[in-house]
Amino acid sequence: MRAQPKASHYINGRYVEDEQGEVIEVVYPATGEIIARVHSATPNIVELAVEAARAAQPTWARLKPVERGRILRRAADLLLEHNEELAKLETLNTGKALQETLVADAPSAAEALEFFGGAVAAFNGEQVELGGSFGYTRREPLGVCVGIGAWNYPIQIAGWKSGPALAMGNAMVFKPSEVTPLSALRLAEIFTEAGLPDGLFNVVQGLGDVGASLVAHPEVAKVSLTGSVETGKKVQALAGGEMKPATMELGGKSPLIVFDDADLENAIGGAMLGNFYSTGQICSNGTRVFVQSSIYERFLSRLTERTSAIRLGDPLDPETHLGPLISKAQYDKVLRYIEIGREDGATLHHGGGTPRLQGLEDGFYVEPTIFTDVTDRMRIAREEIFGPVMSVLTFDDEDEVVERANDTPFGLAAGVFTQNLARAHRVIGALKAGTCWINTYNLTPVELPFGGVKQSGFGRENAMAALAHYSQVKSVYVEMGDVESPY
Ligand code: NDP
């Protein structure tokens, strides 16, 4: 299996190589095979990328928003035309099941380009009456923006960041996670094919040090990171040192609360999607499933039954539900957390094993896992695992569960399942989380802002909120009379 790109980086509308950069091996997580090699960006490559973006941005910003938008919408169409190829590439790079990557990866990036390509023309400043005189505000682009991605949704993250950035008239230098360098390069090619002028979307590969050098670069005006809290703190500090705005989409340990009047099958479906989709590697996952005591036995029994039917297997097989974890490091981390759960006294109710699948013996597979008898203080209930590990906790009443749900330094997401309308809205109102669901879980349409509070970050992706983060406000006072001066 090979997925070797033409070169490691994409700068100024073409592939660029610099073999001086450290080699990064790209692994197919289902087999452990090396499918490509790229080079980390050298300082020279970082300089080329930032310079290309800097040079291209002013002309792009002068285009009418509808003209910029038209190019983005063309790119969205091309992403959808190439969806099958892109889904396969994403599956090879991440190990996520093809049945997921066909619907959730390039299509989500396309949706972002389509949305922002249209919405930007309606995103304007205000006119302000000042009693005879008036003022107005302009929404201006920031210049060169840097996007840094995590490995769980590589092309989606690239689309969610480049869509609003480019629509608003900025240029972008994007650094994918070093684990998943491939699909952002294809996105860059597709932008070029759609007519995006050279230099506006550049991709450079590398580890954290490359990300840091981009953040610190004096020509870079803004940073958007998707990653862990730990990395977020470093990037935030670096950007803050230069007084650059930064938006942070970080990790979580989100609560999903199931009240006794919930539609049980829907609640179980939500809990499974919110723990096992993408092999559990989703930042907003509802990994603390709080179930009201009176329905606990029924909930657990159906959850177990349905979880047993999940098909692990070859991610390229369209029948497979669940692929492997992204890497050996993530596999080791998840297995360690399963051990910690047992050591801390939780009951390993289901899964926890590492199946050896025929032909995929070296893949990083972990069974969908359910822990019961979990208490709030256990590490598996407090720390982000980023794997298919669900903790089921019980509760008795509403005030108690809200307090326990909020007892975490994270605040990315939360979900409530209940048929009681008033309770649904009351509980959501009391939960400290940036992105919430009532009677579903983990849906992130581009029309709704997405992001976290507390240590899960700040700023929002998607919706008009994202355009605000990729622009700055200029206030203009227009005097209609004379200047009243005492001098
Ligand atoms: P990391 O935090 O390890 O890395 C994120 C990105 O930051 C990578 O591209 C990484 O490069 C880069 N990076 C690392 N150190 C620095 C630095 N000092 N300066 C600049 N860039 C740096 O996250 P993972 O890739 O492991 O992704 C998993 C995490 O991402 C989870 O915590 C998850 O919750 C979170 N996440 C959040 C989402 C959200 O929207 N809120 C969505 C998806 C994931 P490299 O990897 O090459 O070293």
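The structure presented is a predicted model; accordingly, all values stated were derived computationally and were not measured. (Residues numbered from 1 in each chain as written. Predicted model: local features only at pLDDT ≥ 70, side-chain atom pairs only at ≥ 80, totals over all residues. Heavy atoms only, no water.)

Attention now moves to the packing of helix H3 (residues 83-94) against helix H7 (residues 182-194). For the pair H3 and H7, interaxial distance at closest approach is 9 Å and the crossing angle is 155 degrees. In terms of their interaxial angle, H3 and H7 are classed as roughly antiparallel. Across the interface between the two elements, Glu-85, Leu-86, Leu-89, Glu-90 and Asn-93 from H3 touch Leu-182, Ser-183, Arg-186 and Ile-190 from H7. A per-class count over the contact of H3 with H7 returns four nonpolar, two polar and three charged. (Axes fitted to C-alpha atoms, helices over the stretch in contact; angles between N-to-C directions. Helix = DSSP H or I, 4+ residues; strand = E, 2+ residues; numbered from the N terminus. Parallel < 35°, antiparallel > 145°, perpendicular 65-115°, else oblique. Contact = heavy atoms within 4.5 Å. Nonpolar A, V, L, I, M, F, W, Y, C, P; charged D, E, K, R; others polar.)

Next up on the list: the packing of aromatic side chains. Counting across every chain of the model gives nine aromatic pairs. Summarising the aromatic geometry, the rings of Trp-437 and Tyr-441 are spaced 4.6 Å apart at their centres and angled 50 degrees between planes, so their arrangement reads as tilted. Aromatic ring contacts, followed pair by pair, group Phe-174, Phe-191 and Phe-201 into a single cluster. When the ring centre of Tyr-153 is taken as origin, the NZ or CZ atom of Lys-96, which lies over that ring, is 3.4 Å away. One cation-aromatic arrangement involves Arg-423 over Phe-259; the distance from NZ or CZ to the ring centre is 4.1 Å. (Phe/Tyr/Trp six-rings, centres within 6.5 Å; stacked < 30°, edge-to-face > 60°. Lys NZ or Arg CZ within 6 Å of the ring centre and 35° of its normal.)

Enumeration over the complete set of coordinates arrives at 23 salt bridges. Where Glu-140 meets Arg-138, a salt bridge forms, and the shortest distance between an N and an O atom there is 2.6 Å. Here Arg-186 makes a salt bridge to Glu-189, at a shortest N to O gap of 3.1 Å. Remark: Glu-189 and Arg-186 occur in helix H7; sequence separation between them is three residues, near one turn of the helix. Glu-189 matches Arg-186 in its accessibility class, with the two residues each being buried. Counted as one network, the salt bridges with shared partners bring together Lys-6, Glu-85, Arg-186 and Glu-189. (Salt bridge = Lys/Arg side-chain N within 4 Å of Asp/Glu carboxyl O. Buried < 20%, exposed > 50% of the residue type's maximum accessible area, 1.4 Å probe, protein only.)

Let us now look at the sheet that holds strand S14 (residues 347-350). What the seven strands build is an open sheet, ordered S14-S15-S16-S13-S12-S17-S18; its pairing is mixed. Edge positions in the sheet fall to S14 and strand S18 (435-438), since each has one partner strand and no second. The mean angle between the axes of side-by-side strands here comes to 25 degrees, regardless of whether they run parallel or antiparallel. Here four bridges tie strand S12 (residues 255-258) to strand S13 (residues 288-292), and the two strands are oriented parallel to one another. Within S13, the position partnered with Ile-257 by the bridge is Phe-290. Contacts between helix H12 (residues 328-343) and the sheet are confined to S14, strand S15 (369-372) and strand S16 (389-395), with S15 contributing the most and set at about 20 degrees to the helix. (Pairing = 2+ DSSP bridges.)

Here the UniProt feature "domain: Aldehyde dehydrogenase" (unreviewed entry) sits at residues 15-476. Helix and strand shares over residues 15-476 are 40% and 20% respectively, and the end C-alpha atoms of the span are 42 Å apart. (UniProt positions renumbered as here; feature names shortened; annotations may be inferred.)

Here we take up the nonpolar core. Counting residues in each nonpolar core, the largest one holds 109 residues, and the members touching the most others are Phe-201 and Phe-299. Looking at which element gives the most residues to this core, the answer is helix H1 (residues 43-62), with eight residues. With near-sequence residues (within four places) excluded, Phe-201 lies in contact with Tyr-10, Ser-162, Leu-166, Met-172, Phe-174, Ala-184, Leu-187, Ala-188, Phe-191 and Leu-196. Listed in part, the 30 residues of the second largest apolar core include Val-401, Val-402, Val-416 and Leu-431. (Core = buried A, V, L, I, M, F, W, Y, C linked by side-chain atoms within 4.5 Å.)

Right, let's get into the sheet that holds strand S5 (residues 127-130). Read from one edge of the open sheet, three strands run S5-S6-S19, paired in antiparallel fashion. Two strands in the sheet have a free side with no partner beyond their single neighbour: S5 and strand S19 (471-478). The average undirected angle you get between the axes of adjacent strands in this sheet is 20 degrees. Pairing of strand S6 (residues 133-141) with S19 involves eight bridges; the strand directions are antiparallel.

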